[in-house]
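Spelled out, the chains give:
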Amino acid sequence: MISRRAMIRTGVASMASTSAFAGMAASNSVAAAPPTSDAASPATGSRPDVLAPTPPMGWNSWNSFATTINEAQARETARIMAHKLLPAGYDVFTIDIQWYEPTASSYTYSDNPEPAMDGHGRLVPAVNRFPSSAGGQGFAPLAADVHAMGLKFGIHLMRGIPRLAVKRNLPILGTSFRAADIADTSSVCTWNPDMYGVDMRKPGAQAYYDSVFALYASWGVDFIKMDDMSRPYDAHAAEIEAAHRAIVRTKRPMVLSLSPGETPVIRGDHVREYAQMWRLSDDFWDDWKMLEAQFTRLENWNPWRRPGAWPDPDMLPLGRLALGERDSKFTPDEQRTLMTLWAITRSPLIMGGDLRHLDERTLALLTNPEVLAVDQASSDNRPHFVEDFVRIWSARPADGKGRYVALFNPTDKAREVGIALRELSLEGEQPARDLWDRRPLGSVSGHFARMLPAHGAGLYRLG
């Protein structure tokens, strides 16, 4: 299945004007040195003053439903999620792109979209797909029911203002300005025809974003995946700040997740001030080459991770995918590698497969409590560059004792992968435990190594 985004790799563009949001303490200097991440701090746990103090966990409709999910499917999926995944911590239920498009039908888009909007150019659910939104209720009824299941409610949003709102020149709520006054018709998404960019230099521009996020806050939205944001980053930086500012003004704690990538690493200081998640790559699918490429991206972004700021290698394409056309092409070993890499790097865990067809093996992969503890509560996460053609990461457990160790064999043949205990600041004999198999391995000293299959991985605790 081809991603909805062109597979473009963009370099760093010239820096656009990115005036700092009043009240933000941190500098937005693009020349700032990489900071000390949570890799150097104790396990963080939950901090009530920080949005997303731990990596978000949840489900998103894109990998399985494309643009097509409707209310009946959403409710069924949320019930399954609450029953099977919520006990393990997966609590963010997100409806992806084009919930406002009455005729959305696949992974492609209409050339002449007719999105559902209110009278102020704000996208609202298509009533034919989400009947509970009738009468101007928006997603409020669905969000309330999702909340009642113990879940958080998320939606996808494109950058900008609907082109149809500009064509109709709709008024901006609470102002004397209209859509055409704030639209930048030269700023368009290369893969989606729904929106024009918003020129943040124009009067009324911030008011428009304020009105959009105020509406979604009134529905009870907890999580917004905002698309066409991170590339080209500098061209969109002012709108990234505007979205953040609008969320703050709602006084509702909505997590902002920026997509797609690659987000340029040199903009790490800026992006982690204005978003809680940001994509490292274009859409990630069940292809080994894509998975292999995420290793380097996660290594490069490691210094920028902190509570409330999570580099995002994208969703987990596991189980039934692509409008039910197929199951994940990842082999069982590659699936374990995927989950191990996301866990040891404390990446967000957002399941993309169709939960209506969730099999026991995939469920076990997603809910192993010892693996999830690495993702949610470890610290001092770091790669070790000790040998060519292998990948090794380690992290500190929440109790501060010993080390978690992730061993990866990205080659096409089985081989032994290992690391000297001194590289982990461990001395003497150490007890070892296999976290995937949830069993002790006895004691080791001097050097820890395991035989791994091609494209395979292991996750262990030493000490």
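That block above? That's the structure.
Residues numbered from 1 in each chain as written. Predicted model: local features only at pLDDT ≥ 70, side-chain atom pairs only at ≥ 80, totals over all residues. Heavy atoms only, no water.

> Explain the packing of helix α10 (residues 332-344) against helix α12 (residues 369-377) to me, please; I cannot follow it from the model alone.
Helix-helix packing: each pair is described by the crossing angle between the helix axes and the interaxial distance. It is at 7 Å that the axes of α10 and α12 come closest, and there the two elements cross at 35°. Contacts from Trp342, Ala343 and Ile344 of α10 reach α12 at Val371, Val374 and Asp375. Residue composition of the contact of α10 with α12, grouped by class: five nonpolar, no polar and one charged. (Axes fitted to C-alpha atoms, helices over the stretch in contact; angles between N-to-C directions. Helix = DSSP H or I, 4+ residues; strand = E, 2+ residues; numbered from the N terminus. Contact = heavy atoms within 4.5 Å. Nonpolar A, V, L, I, M, F, W, Y, C, P; charged D, E, K, R; others polar.)

> What's the story with the side chain of Asn409 in this structure? I'm lost.
Along the chain, Asn409 falls in strand β16 (residues 403-409). Polar contacts involving the side chain of Asn409 include one to the main-chain carbonyl oxygen of Leu452, which spans 3.3 Å. The residues touching Asn409, leaving out its near neighbours within four places in the chain, are Ala414, Arg415, Val417, Leu452, Pro453, Ala454, His455 and Gly456. (Polar contact = N/O pair within 3.5 Å; in protein donor to acceptor, adjacent residues only side chain to side chain.)

> What is the right way to look at the side chain of Thr340 in this model?
When you line up the elements, Thr340 lands in helix α10. From its side chain, Thr340 meets the backbone oxygen of Arg336 in a polar contact 2.7 Å long. Residue contacts for Thr340: discarding those within four places in its chain leaves Ala406, Phe408, Trp436, Ala457, Gly458 and Leu459.

> Just checking my understanding: could you explain the sheet that holds strand β8 (residues 255-258) for this structure?
Across a sheet, strands are paired by hydrogen bonds formed along the backbone, either parallel or antiparallel in direction. Read from one edge of the open sheet, eight strands run β10-β9-β8-β7-β3-β2-β1-β13, paired in parallel fashion. Across the chains shown, the open sheet's two edge strands, defined by having one partner strand only, are β10 (310-312) and β13 (349-351). Strand-to-strand twist of the sheet, defined as the mean angle between neighbouring strand axes without regard to direction, takes the value 25°. By the bridge criterion, five bridges tie strand β3 (residues 152-158) to strand β7 (residues 223-227) in an arrangement that is parallel. (Pairing = 2+ DSSP bridges.)

> Just to check I follow, could you spell out the pairing of strand β15 (residues 391-396) for this structure?
Across a regular strand the side chains alternate sides, sitting on one face of the sheet and then on the other. When strand β14 (residues 379-384) meets β15, the two strands line up antiparallel, connected through four bridges. Along β15, the bridge assignment pairs Arg382 with Ser394. The turn linking β14 back onto β15 is made up of six residues, and Phe389 within it adopts a positive phi angle of 70°. Across five bridges, β15 lies against β16 in antiparallel orientation. Bridge assignment links Arg391 to a residue of β16, and that residue is Phe408. The turn linking β15 back onto β16 is made up of six residues, and Gly400 within it adopts a positive phi angle of 80°.

> What am I meant to see in the pattern of salt bridges here?
Pairing between side chains of opposite charge can happen when the charged atoms of each approach one another. In this structure the tally under the stated criterion is 32 salt bridges. Note that Arg168 and Glu114 form a salt bridge whose closest N and O atoms lie 3.9 Å from each other. Of this pair, Arg168 sits in helix α4 (residues 163-168) while Glu114 sits in the loop between β2 (92-95) and α3 (140-148), and the two are 54 residues apart along the sequence. With a shortest N-O distance of 2.8 Å, Arg461 and Asp399 are connected by a salt bridge. Taken together, the positions of Arg461 in strand β21 (residues 456-462) and Asp399 in the loop between β15 and β16 put the pair 62 residues apart, joining distant regions of the chain. (Salt bridge = Lys/Arg side-chain N within 4 Å of Asp/Glu carboxyl O.)

> Looking at this structure, I do not really get the sheet that holds strand β6 (residues 195-198). What am I missing?
Taken together, three strands build an open sheet; the order of strands is β4-β6-β5 and the sheet is antiparallel. Of all strands in the sheet, those with a lone pairing partner are β4 (161-162) and β5 (183-188), marking the two edges. Alignment of β4 against β6, held across two bridges, turns out to be antiparallel. Opposite Pro162, over in β6, you have Met195 as the bridge partner.

> In this structure, what is going on with the packing of aromatic side chains? I would like to understand it.
Throughout the structure, instances matching the rule amount to 20 aromatic pairs. By way of ring pairs, the aromatic residues Trp99, Tyr100, Phe130, Phe139, Phe153, Tyr216 and Trp219 are connected into one cluster. (Phe/Tyr/Trp six-rings, centres within 6.5 Å; stacked < 30°, edge-to-face > 60°.)

> Please clarify how unusual backbone geometry should be interpreted in this entry.
In this structure, the amide linkage connecting Ser259 to the following residue, Pro260, adopts the cis form with an omega of -20°. Following the sequence through the fold, Pro260 ends up in the loop between β8 and α8 (268-274). The omega torsion across Gly261 and Glu262 is 0°, close enough to zero to call that bond cis. Its place among the elements puts Glu262 in the loop between β8 and α8. The backbone of Gln98 sits at a positive phi, close to 65°, despite the residue not being glycine. Note on placement: Gln98 falls in the loop between β2 and α3. Overall, Gln98 belongs to the buried group, its relative accessible area being 1%. (Buried < 20%, exposed > 50% of the residue type's maximum accessible area, 1.4 Å probe, protein only.)

Fair warning: the whole summary comes from geometry, so function is off the table for now.
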